[in-house]
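Coordinate analysis (summary)
Given next are the chains, with one letter for each unit.
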Amino acid sequence: MSNIEAISKAVQGGKSKKIGELVEQALQAGCEPNEILNKGMIEAMSIVGDKFTKNEIFVPEMLVAARAMKKGVEVLKPHLGGDNSISIGKVIMGTVAGDLHDIGKNLVIMMLESSGFEVIDLGVDVSPDKFISTLEENPDTKIVAASALLTTTMPALKETVQALNGCNLRNNIKVMVGGAPITQEFATEIGADAYTEDAASAAQMAKKFVL
Ligand code: B1M
């Protein structure tokens, strides 16, 4: 079994204790950090999702897989590069109300930080009011970014963007949205400035907005 396959299996099986060691081994063997992330971990979560859809596994298994992925990402993070000693802009980011998924949001934050942004992470289940009050407390913010991972929380994303669109500081910020069920069409319909499909393109888009 290759290093990448071993990492994928460890994520799928929720092997939180083993994953750090496997990531270290893969790095020492010369695997690229991005390959470990994309092929080893993100693809593993897709397999977990497919199995959940087919009722082959249930919520507890998804939860342990998510924990293993988080552990693996922690070990990988310093190797994904980037200089975050100087901030090129402040971003407020959270997963919208009613939604507890945070792996994708955390990856977007990691890519933003690697690109030089300072990120205020609001966590998960974030109400529109919390986005607005944090923006008011941080009027130098350049971007507000929101994730929604469930079709049932797409309306919460809409409410969040609408609240931001109605706030006094709207002209100072760009609003970015993303998450598996979100499309460019939906983002345009709800009045966001940008939609991107993944974490890397979110960081690229954010840079375009500030540089
Ligand atoms: Co949930 N879950 N989950 N889950 N879960 C999904 C999303 C699901 C697709 C699984 C399935 O049915 N196949 C499904 C949603 C179906 C739908 O809405 N149509 C689902 C469901 C149904 C549920 C529950 C309702 C299950 C239940 O309780 N019956 C429940 C809801 C809880 C809630 O939120 N209120 C639930 C719970 C959970 C766990 C808690 C067990 C766990 C989350 C743990 C955690 O996040 N800490 C979990 C997990 C792990 C998943 C899957 C398996 C993996 C999600 C993930 O982390 N993917 C997921 C299936 C899947 O995705 N294949 C599933 C990896 C991650 C890197 O991808 O998050 O898409 P993603 O992020 C990407 C992009 O979307 C994008 O970049 C990221 C990286 O490139 N992106 C952005 C994200 N945000 C962005 C923002 C941007 C730009 C890009 O700009 C601002």
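What counts, and at which threshold
- Position numbers for residues count from 1 along each chain, tracking the sequence in the order it is written.
- Per-residue local features of the predicted model are confined to residues with pLDDT of at least 70, and side-chain atom pairs are confined, for both listing and counting, to 80 or more; whole-chain, interface and lining totals are unaffected and use all residues.
- The basis for every side-chain value is the complete set of heavy atoms in the structure, and neither hydrogens nor water enter the calculation.
- Think of it this way: any DSSP run of H or I at least four residues long counts as a helix, any run of E at least two long counts as a strand, and we number them from the N terminus.
- We take the radius of gyration over the C-alpha atoms and set the globule estimate at 2.2 Å times the residue count to the 0.38 power.
- Buried, partly exposed and exposed residues are distinguished by accessible area as a fraction of the type maximum, computed with a 1.4 Å probe on protein chains only: under 20%, between the cut-offs, and over 50%, respectively.
- Contact definition: two residues touch when any of their heavy atoms are within 4.5 Å.
- To measure how exposed things are, a 1.4 Å probe is used in the Shrake-Rupley method; for residues, cover is taken only from the protein chains shown.
- Working convention for charge: Lys and Arg count positive, Asp and Glu count negative, and His plus the chain ends are omitted.
- Where a charge sits is defined by one atom per residue type, namely NZ (Lys), CZ (Arg), CG (Asp) or CD (Glu).
- In this analysis a donor is any N, O or S atom within 2.8 Å of a metal ion (3.2 Å for sodium, potassium and calcium), and since water is not included, sites may seem incomplete.
- DSSP calls a pair of strands paired once it identifies at least 2 bridges connecting them.
- When we say a residue is near a molecule or strand, we mean one of its heavy atoms is within 4 Å of it.
- The definition of a polar contact used here is a pair of N or O atoms within 3.5 Å, where within protein one atom must be able to donate a hydrogen and the other to accept one, and adjacent residues in sequence count solely through side-chain atom pairs.
- Grid spacing is 1 Å over the protein atoms alone, the probe is 1.4 Å, and a cavity is where that probe fits but cannot get out, while a pocket is an open set with protein on both sides within 12 Å along at least five of seven lines and lining residues have an atom within 4 Å of a point.
- Molecule-in-pocket calls rest on the fraction of atoms, with more than half required to lie within 2 Å of the cavity or pocket grid points.
- Note that Gly is not counted as nonpolar here; it falls among the polar residues with everything else outside the nonpolar set of Ala, Val, Leu, Ile, Met, Phe, Trp, Tyr, Cys and Pro and the charged set of Asp, Glu, Lys and Arg.
- Residue-level confidence of the predictor is summarised by pLDDT, bounded by 0 at the bottom and 100 at the top.
- The salt bridge criterion pairs a side-chain nitrogen of Lys or Arg with a carboxyl oxygen of Asp or Glu, the two atoms within 4 Å.
- Look down the strands so they point away from you; if the path from the first strand over the helix to the second goes clockwise, the crossover is right-handed.

Let's shift gears to the overall build of the protein. Counting its secondary structure elements, the protein contains nine helices and five strands. For 211 residues, the compact-globule formula gives about 17 Å, and the C-alpha radius of gyration of the protein, at 17 Å, lands near that figure. Overall size of the protein, expressed as C-alpha extent along the three principal axes, is 55 × 40 × 25 Å. Here the protein holds 211 residues, and the buried ones make up 47% of them. The contacts of the protein with a sequence gap of at least 6 include a subset with a gap of at least 24, amounting to 73%. Summed over its atoms, the accessible surface of the protein is roughly 10900 Å², and 51% of this surface lies on carbon and sulfur atoms. Mean positive and mean negative side-chain charge positions of the protein (20 and 27 charges, respectively) differ by 3 Å.

Just one protein atom donates to the cobalt atom of the ligand; it is His101 (NE2), sitting 2.2 Å from the metal. Mapped onto the fold, His101 is located in the loop between strand S1 (89-95) and helix H5 (103-114).

Spatial ordering of the open sheet is given by S2-S1-S3-S4-S5, a layout of five strands whose pairing is parallel. Edge positions in the open sheet fall to strand S2 (117-121) and strand S5 (194-195), since each of these has one partner strand only. Here S1 runs beside strand S3 (residues 141-147); their pairing, made up of six bridges, is parallel. Across the sheet, Gly94 pairs through a bridge with Ala146, a residue of S3.

Around the ligand, 36 residues are found, and the nearest of them are Thr53, Leu100, His101, Asp102 and Ser147. Between the ligand and Thr53 there is a distance of 2.6 Å, counted from a nitrogen atom to a side-chain nitrogen or oxygen. Note that an oxygen atom of the ligand is positioned 3.2 Å from one of the backbone N or O atoms of Ala180. Under a 2 Å grid-point criterion requiring more than half of the atoms, the pocket assigned to the ligand is the largest pocket. Broken down by secondary-structure element, the contributors of at least two residues to the shell around the ligand are helix H3 (33-53), helix H4 (59-76), H5, S3, strand S4 (174-178) and helix H9 (199-210). Among the elements that make up the shell around the ligand, the one with the highest residue count is H3 (six residues). By residue class, the composition of the shell around the ligand is 21 nonpolar, eleven polar and four charged.

Here the focus is the confidence of the model for the protein. Per-chain confidence: the protein averages 94 in pLDDT, with 98% of residues scoring 70 or above. Here the prediction assigns the complex a pTM of 0.92, and the interface score ipTM is 0.98.

This brings us to the pattern of salt bridges. Taken as a whole, this structure holds six salt bridges when the rule is applied. With a closest N to O distance of 3.3 Å, Glu43 and Lys39 form a salt bridge. Of this pair, Glu43 and Lys39 both sit in helix H3, four residues apart, which is roughly one turn of that helix. The partly exposed category is assigned to Glu43, whose relative accessible area is 38%. Note on Lys39: relative accessible area 46%, which makes it partly exposed. Of the charged contacts, one joins Lys77 and Glu113 as a salt bridge, the two residues approaching to 3.5 Å between their closest N and O atoms. Here Lys77 is found in the loop between H4 and S1, whereas its partner Glu113 is found in helix H5, with 36 residues between them in sequence.

This part covers the pairing of S1. Burial within S1 is extensive, with seven of its seven residues counted as buried. Of the two faces of S1, the one holding Gly89, Val91, Met93 and Thr95 and the one holding Lys90, Ile92 and Gly94 are both buried throughout. For the segment spanning S1, H5 and S2, crossover handedness is right-handed.

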